[in-house]
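Observations on chain architecture
Here is how the chains run, residue by residue.
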Amino acid sequence: MSVSVAAIVLAGGSGTRVQADVNKVYLPIRDRDMLEYSLETMDRSPRISRVVLVVRDSDVSDAELLIAEAMPSKLTDVIVGGSSRHRSEMAGLNALRSEIESGAVDLVAIHDGARPFMTLDLLEQVIDAAAKYGGAVPGLTIDEPLYRREADRAVMLPPDSLRRVQTPQAFLARPLITAYDAAAVDGFEGVDTAETVERYADVETAIVPGDPRNLKVTFVEDFFAAEEYALEWDKGTWLSRTE
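Now for a quick tour of the structure.

Attention now goes to the environment of valine 197. With respect to the element layout, valine 197 can be found in helix 6 (residues 193-200). Not counting chain neighbours up to four residues away, the residues in contact with valine 197 comprise Phe171, Leu176, Ala179, Val203 and Thr205.

This is the structure:
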């Protein structure tokens, strides 16, 4: 059975931690704006039917310029987001509300535009797992030990049960928007999509293997890594499978 999938790309960050005066998603990686990489992968994915881009009000002109140059064919809406990631996700879902409620959109994938190297393969794995289980996120194993404080001692958490979660994250559309509506009533804001769904929806969230090169560009040094990764990147796929 075919599944209609819409995507929300979040582009509401800032440039503070990369020491830039503009939103980092409009900074170049190998002469292309960071955000263009994700939009291109969404465009090339046969699984994605439409894309909603969520931006800051102050970045609308930058987004329009990028769109005019890159011409993403599946981008249908540019929406001004809220003051937090959660509120921006809600703005993107509201843009899809009529299609979700009518059943025209079965599943929604939400991706952070500051992760330029989402592959077509990773996107497909997340969508397939979400269609099967209700939700899915990519996760990486923990390299360093983590501890929980209990009274006056530290207890190491079992590393086999822990994952560092990435995007894209995908969920069945109706439980997803219902979860966000319930969160709005409670005034709850999750740190990511999965946290809100876990709290307010009765769906299972599967974990698929993440990609170490699907990094989130946060600090200046991340741009150096991204510049190197871009040399091995071609329209949503890695030219080399080595780390």
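Here we come to the packing of helix 3 (residues 85-102) against helix 5 (residues 173-186). Following both chains from N to C, one finds helix 3 and helix 5 inclined at 130°, their axes separated by 9 Å at the closest point. As summarised for this structure, helix 3 and helix 5 are arranged oblique, according to the angle between their axes. For helix 3 against helix 5, the interelement crossing comes out left-handed. Here helix 3 contributes His86, Glu89, Met90, Leu93, Arg97, Ile100, Glu101 and Ser102 to the contact with helix 5, which in turn contributes Ala173, Arg174, Leu176, Ile177, Tyr180, Asp181 and Ala183. Looking at side-chain class alone, the contact of helix 3 with helix 5 contains eight nonpolar, two polar and five charged residues.

So, about the nonpolar core. Of all hydrophobic cores here, the largest spans 43 residues; its most connected members are Leu35 and Phe117. Elements with a contribution of two residues or more to this core: strand 1 (5-11), helix 1 (34-44), strand 4 (48-55), helix 2 (60-70), strand 6 (107-112), helix 4 (120-133), strand 12 (204-209) and helix 7 (220-230). At six residues, helix 4 tops the list of elements feeding residues into this core.

With that settled, the discussion passes to the side chain of glutamate 89. Mapped onto the fold, glutamate 89 is located in helix 3. A relative accessible area of 0% places glutamate 89 in the buried class. The residues contacting glutamate 89, other than those within four sequence positions of it, are Ile8, Leu10, Ile110, Tyr180, Asp192 and Thr193.

Turning next to the packing of helix 5 against helix 6. At a closest axis distance of 9 Å, the pairing of helix 5 and helix 6 adopts a crossing angle of 85°. Between helix 5 and helix 6, the crossing angle belongs to the class labelled roughly perpendicular. Contacts from Leu176, Ala179, Tyr180, Ala182, Ala183 and Asp186 in helix 5 reach Thr193, Thr196, Val197 and Tyr200 in helix 6. Among the residues making up the contact of helix 5 with helix 6, the classes are represented as seven nonpolar, two polar and one charged.

Taken as a whole and assessed by the stated rule, the structure comprises 16 salt bridges. Glutamate 36 is paired through a salt bridge with arginine 32; the nearest N and O atoms lie 3.3 Å apart. Among the charged side chains, a network of salt bridges with common partners joins Arg85, Glu89, Asp112 and Lys216.

Cut-offs and rules
- Residues numbered from 1 in each chain as written.
- Predicted model: local features only at pLDDT ≥ 70, side-chain atom pairs only at ≥ 80, totals over all residues.
- Heavy atoms only, no water.
- Helix = DSSP H or I, 4+ residues; strand = E, 2+ residues; numbered from the N terminus.
- Contact = heavy atoms within 4.5 Å.
- Axes fitted to C-alpha atoms, helices over the stretch in contact; angles between N-to-C directions.
- Parallel < 35°, antiparallel > 145°, perpendicular 65-115°, else oblique.
- Left-handed = near helix turned anticlockwise from the far one by under 90°.
- Nonpolar A, V, L, I, M, F, W, Y, C, P; charged D, E, K, R; others polar.
- Core = buried A, V, L, I, M, F, W, Y, C linked by side-chain atoms within 4.5 Å.
- Buried < 20%, exposed > 50% of the residue type's maximum accessible area, 1.4 Å probe, protein only.
- Salt bridge = Lys/Arg side-chain N within 4 Å of Asp/Glu carboxyl O.

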